[in-house]
Amino acid sequence: MRIYAIFAFALWTTTVGIVTAQELYRLPPQSIVDVIDAPPQPSVGFSPDNKWMLLIERPALPSIEEMSRRWLGLAGMRVDPLSNGSFQAGYPTGLAIRPTADATQLAQVPLPTGAKLGSTSWSHKSNWLVFSLITDQGTELWGVSPQQPSQPWRLVTGLNPLWNFVEWFPNGESFLCCTIVKDRGPEPEAKLVPLGPNVQESVGQTSPIRTFQDLIDSDHEEQLFEYFSTAEITRVDLGSGATKTVFGPAMVASMSVSPSGQQLMVSTIQRPFSRQLTVGSFPEKTEVIDLASGLRTEILNAPMAENIPIEGVPTWRRRISWRPDQAATLTWVEALDGGDPRTEVPHRDKVMMQAAPFASEPVELCRTEHRFSGLSWTQAPVSLLCADYDRDRRWIRTVLYDTQDMSQPPRVLFDRSMRDRYGDPGSPVTEPDENGFNRIVKIDNSIWLTSAGASPDGDLPFLDQMNIDTQETTRIWRCEKGVYESVRGVVYDEAGKPSAFMTQFETTTLPPNLRQRDMAGSIVKSLTDFPDPTPQIRGIQKQLVTYQRKDGVPLSATMYLPADWKPGQTLPLLLWAYPIEFNDASTAGQVTSSPSRFTQISGSSHLALVLEGYAVMDNATMPVIGEPETMNDTFVEQIVDSAQAAIDYAVEMGVADRHRVAVAGHSYGAFMTANLLAHCRLFRAGIARSGAYNRTLTPFGFQSERRPYWEARDVYEKVSPFTWANQIKDPILLIHGEKDNNPGTFPIQSERLYQAIKGNGGTVRLVTLPEESHGYRARESVLHTHAETLDWLNEYVRDAQPSSP
């Protein structure tokens, strides 16, 4: 770096041939600052029995100083050396507990001065809450009884929360956690002088892999990964405070106690480590330890998960878990197609089980025609729900098995397009059983389902009761039109039958608050009364708009307008979108939002522009329709047609005039934005945040693209805005986090597009945000993003003169 001159507000430098300016952080207008700085509502959670409410206070945004703390990028993780956990910023600032039904008994849980609140976990008996605190000495684990919230106490020092937090025993009085190995010693130091080159080699094996970041790239980083991953498993008794080491030291990836409480399943990471894959692909050993005798039984010894086809799976056992209704029986899934989704077979997977002591042959439970996607168990009498996914049709199916008589033919419970939100029957309501395993609530062969309730009028959540014998469904309750109310939890009577349910209610002008309804749907009581954090934005106008693409595909968006907008008044318009793939037009046109939700503006939200006189067409649908293997062949044509339809409708509404429209998006939306500017002249400017613009840098697929670059060269080049940089004639603002760790959206993507547009005489500005990842967190970064966005749109859109004919 060469310093040419120092000015009052900028330091001009050259890096890799790009002339850049390191500016001071700037602020947008105060109207935006005040809204972004407004303290958010507390996060609300419930104990497993829903009798206790947990409220967690959080700051609006962390500072850039907090974001600048040291972290280590290792095996796809960002490790905080101080906490020995995942790096994070913006820690919660307060913790409070109250009886769900009585707001007057809210009690703050006192925390040590300077400590930062980490994770929380309830016992499934709802009698204890444990939480982690990060101090200058590391991470500690504390416990508190909801009956005595003012008296928390320290349980463990030297917690290692990198891969695991808390695993409860069935008694609900004790748990397992991972702790730092005693006398671990100091962090390994890097050698100042390299001992030799770093080498990678592949000998003739096909190994398609996606692009990842924060990977291990040296022997020293391998040492660091092992240092921070290694832990001992410690048993903690809440009543006595006694602790006991039961396993380790080892690189513990996961742990799970059997329903009997007598067996412990542990998966440990093994060497060698990869320099191209994340930790999820590292070799792994799974064992079951008898906690009384110490006897170990090996369940799996998996190699490196490489050479796996795109969208494929490993050929060894996967999804290993305990069967909740038996003392110590494991279930897992095995591929029947070699893990390759392109292989034609009658069944892709089989589900197996084996009981302790794991000496007998495993028993097959069932097979799936398509790729296995989930296993659920009901309460007694136990039924098994097995789901699979057809990637070609994007179709999901759930099959019901009677575990009392597996010879009975299974019944198809749900069978629909994954994209068909109108036909979504909902997700079964679950609750922890007596051993802490989540199971579907079932009474007299009825289960309960909650859904977002997508409809042509927007989301209208509902609660249904379904008889799984007859598959008849009874509607218990549904949200009314004009408001937004969703189910947050179910309350049960002494017999274990649902007796009431809790909802979160909001409108465009009333903030989200919780209430309780009986099973007839009547309101019983209000549970919270949180105030409006930003009353100054309540006048913003919002409506759901629907329109059509020229090929007849129905589209939708949410239109936001300033409080003082009058019909017929044209405004500068921002179109914000994110493309999504569909197999058919019928599901592509479904409405996927609610116009009745409380209007909130936080973080780097583009909705802040409404405060400065802009109209925002939010979440304008950009469907890409076609066969999964080839739909990107017409990606460009389809997004251009969708953009044209959106602009036409906004002009027809009298909201926008054609010469003052901009387009913007984040990630895949940024990719869309650059493509639109390269392939049409519908927009006066664009803003692309944290995108990927050269698909040859993601050669083994991207988003839903399955084909590698070498099978679809023309498509990769056609959809890469970098290829068409000479055609980007309208101004584009590129924003990117300098430490973006999202697969594929390397910061170099924006740097190279900037160079390409600049080299071809286009108008372009590149802003890179220090310490930021794929999304922007620090207050300074967020407010600077708003300032850059507003300045760019004011100059090139709001104040733009009509285009020449």
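In what follows, the accompanying structure is described. (Residues numbered from 1 in each chain as written. Predicted model: local features only at pLDDT ≥ 70, side-chain atom pairs only at ≥ 80, totals over all residues. Heavy atoms only, no water.)

1. Considerations on the sheet that holds strand β6 (residues 77-80)
The strand order across the open sheet built from three strands is β5-β6-β7, with neighbouring strands paired in antiparallel fashion. Two strands in the sheet have a free side with no partner beyond their single neighbour: β5 (72-74) and β7 (85-86). Contacting β5 and β6, helix α3 (residues 219-229) crosses the sheet at an angle of about 95° to β5. (Pairing = 2+ DSSP bridges. Helix = DSSP H or I, 4+ residues; strand = E, 2+ residues; numbered from the N terminus. Contact = heavy atoms within 4.5 Å. Axes fitted to C-alpha atoms, helices over the stretch in contact; angles between N-to-C directions.)

2. Side note on the environment of Pro-341
Residue position: Pro-341 is located in the loop between β22 (329-335) and β23 (349-355). On the basis of relative accessibility, which here comes to 9%, the residue Pro-341 falls in the buried class. Taking the C-alpha atoms as reference points, Pro-341 and Ala-615, 274 residues apart in sequence, are found 45 Å from one another. If we ignore the near neighbours within four places in the chain, the residues touching Pro-341 are Pro-309, Ile-310, Glu-311, Gly-312, Arg-348, Arg-371 and Arg-391. (Buried < 20%, exposed > 50% of the residue type's maximum accessible area, 1.4 Å probe, protein only.)

3. Remarks on the environment of Ala-355
With respect to the helices, strands and loops of the structure, Ala-355 is situated in strand β23. Once the C-alpha coordinates of Ala-355 and Ile-757 are considered, the two residues, 402 residues apart in sequence, prove to be 63 Å apart. If near-sequence neighbours (up to four positions away) are discounted, Ala-355 is found in contact with Ala-328 and Thr-329.

4. Digging into the environment of Gly-496
Along the chain, the position of Gly-496 falls in the loop between β36 (484-492) and β37 (498-506). In this structure, the C-alpha to C-alpha distance between Gly-496 and Gln-88, residues 408 residues apart in sequence, is 39 Å.

5. As for the packing of helix α5 (residues 635-653) against helix α6 (residues 668-679)
Two elements in contact, α5 and α6, have axes separated by 10 Å at closest approach and are oriented at 85°. With respect to each other, α5 and α6 are oriented roughly perpendicular. Every residue of α6 that contacts α5 at Phe-635, Val-636, Ile-639, Val-640 and Ala-643 is listed here: Tyr-668, Phe-671, Met-672, Asn-675, Leu-676 and His-679. Its residues assigned to classes, the contact of α5 with α6 comprises nine nonpolar, two polar and no charged. (Parallel < 35°, antiparallel > 145°, perpendicular 65-115°, else oblique. Nonpolar A, V, L, I, M, F, W, Y, C, P; charged D, E, K, R; others polar.)

6. Quick notes on the side chain of Ser-605
Mapped onto the fold, Ser-605 is located in the loop between α4 (585-588) and β43 (615-625). Given a relative accessible area of 17%, Ser-605 falls into the buried group. Within polar-contact distance, the side chain of Ser-605 engages the backbone nitrogen of Leu-607 at 3.1 Å. (Polar contact = N/O pair within 3.5 Å; in protein donor to acceptor, adjacent residues only side chain to side chain.)

7. Remarks on the pattern of salt bridges
This model, assessed by the stated rule, comprises 55 salt bridges. Note that Asp-337 is salt-bridged to Arg-348, the shortest N-O span being 2.6 Å. Of the two residues, Asp-337 is situated in the loop between β22 and β23 and Arg-348 in the loop between β22 and β23; the sequence distance between them amounts to eleven residues. Assessed through its relative accessible area of 5%, Asp-337 is described here as buried. A salt bridge links Lys-718 to Glu-637; its shortest N-O distance comes to 2.8 Å. Pair noted here: Lys-718 is in helix α7 (residues 713-718) and Glu-637 is in helix α5, with a separation of 81 residues, a long-range link. Glu-637 gets classed as partly exposed once you look at its relative accessible area, which sits at 37%. Through salt bridges that share partners, Glu-23, Arg-26, Arg-765, Glu-788 and Asp-791 make up one connected network. (Salt bridge = Lys/Arg side-chain N within 4 Å of Asp/Glu carboxyl O.)

8. Focus: the pairing of β22
In terms of burial, β22 is largely enclosed, as seven of its seven residues are buried. Note: strand β21 (residues 318-322) against β22, three bridges, orientation antiparallel. Among the inter-strand pairings, Trp-322 is bridged to a residue of β22, identified as Leu-330. Where β21 folds back on β22, the antiparallel hairpin that results is connected by six residues. In terms of strand pairing, β22 meets β23 through seven bridges, oriented antiparallel. Each bridged residue has a counterpart across the sheet, and for Thr-331 the counterpart in β23 is Met-353.

9. Here's the deal with the sheet that holds strand β39 (residues 523-526)
Strand order in the open sheet made by the four strands is β36-β37-β38-β39, with antiparallel pairing throughout. The sheet is open, and its two borders are formed by β36 and β39, each paired with just one other strand. On average, each strand axis in the sheet is tilted by 30° relative to the strand beside it, whichever way the strands run.

10. Considerations on the nonpolar core
The biggest cluster of nonpolar side chains holds 62 residues, and the ones touching the most others in it are Tyr-547, Leu-575, Met-617, Leu-676, Phe-683 and Ile-732. For this core, the leading source of residues is α5, giving nine residues. Every residue in contact with Tyr-547, bar those within four places of it in the chain, is listed here: Val-553, Pro-554, Leu-555, Ser-556, Ala-557, Met-617, Ala-620, Thr-621, Ala-645, Ala-646 and Tyr-649. Ile-36, Ala-608, Val-610 and Leu-783 belong to the second largest nonpolar core, which has 32 residues in total. (Core = buried A, V, L, I, M, F, W, Y, C linked by side-chain atoms within 4.5 Å.)

11. Some points on the side chain of Asp-349
Tracing the chain through its elements places Asp-349 in strand β23. One polar contact links Asp-349 to Arg-371, side chain to side chain, over a distance of 3.2 Å. Those residues in contact with Asp-349 that lie beyond four places of it in its chain are Arg-318, Val-333, Glu-334, Ala-335, Leu-336, Arg-367, Thr-368, His-370, Arg-371 and Phe-372.

12. Looking at unusual backbone geometry
Of note, the amide linkage connecting Gly-248 to Pro-249 takes the cis form, showing an omega dihedral of 5°. For Pro-249, the location among the structural elements is in strand β17 (residues 243-257). With omega at 10°, the peptide bond leading from Ala-356 into Pro-357 counts as cis. By the secondary structure assignment, Pro-357 is in the loop between β23 and β24 (363-368). Positive phi is not limited to glycine here, since Arg-394 has a value of about 50°. Locating Arg-394 in the fold gives a position in the loop between β26 (383-390) and β27 (395-402). Judged by its relative accessible area of 5%, Arg-394 is buried. Even without glycine at this site, Gln-471 takes up a positive phi of about 60°. In this fold, Gln-471 is placed in the loop between β34 (462-467) and β35 (473-478). Looking at Gln-471, the relative accessible area reads 32%, which means it is partly exposed.

13. Examining the packing of helix α1 (residues 30-37) against helix α9 (residues 779-798)
Relative to each other, α1 and α9 sit at 145°, their axes nearing to 11 Å. Between α1 and α9 lies a crossing of right-handed hand. Touching Ile-32, Val-33, Ile-36 and Asp-37 of α1 are Arg-779, Val-782, Leu-783, His-786 and Leu-790, all from α9. Counted by class, the contact of α1 with α9 contains six nonpolar, one polar and two charged residues. (Left-handed = near helix turned anticlockwise from the far one by under 90°.)

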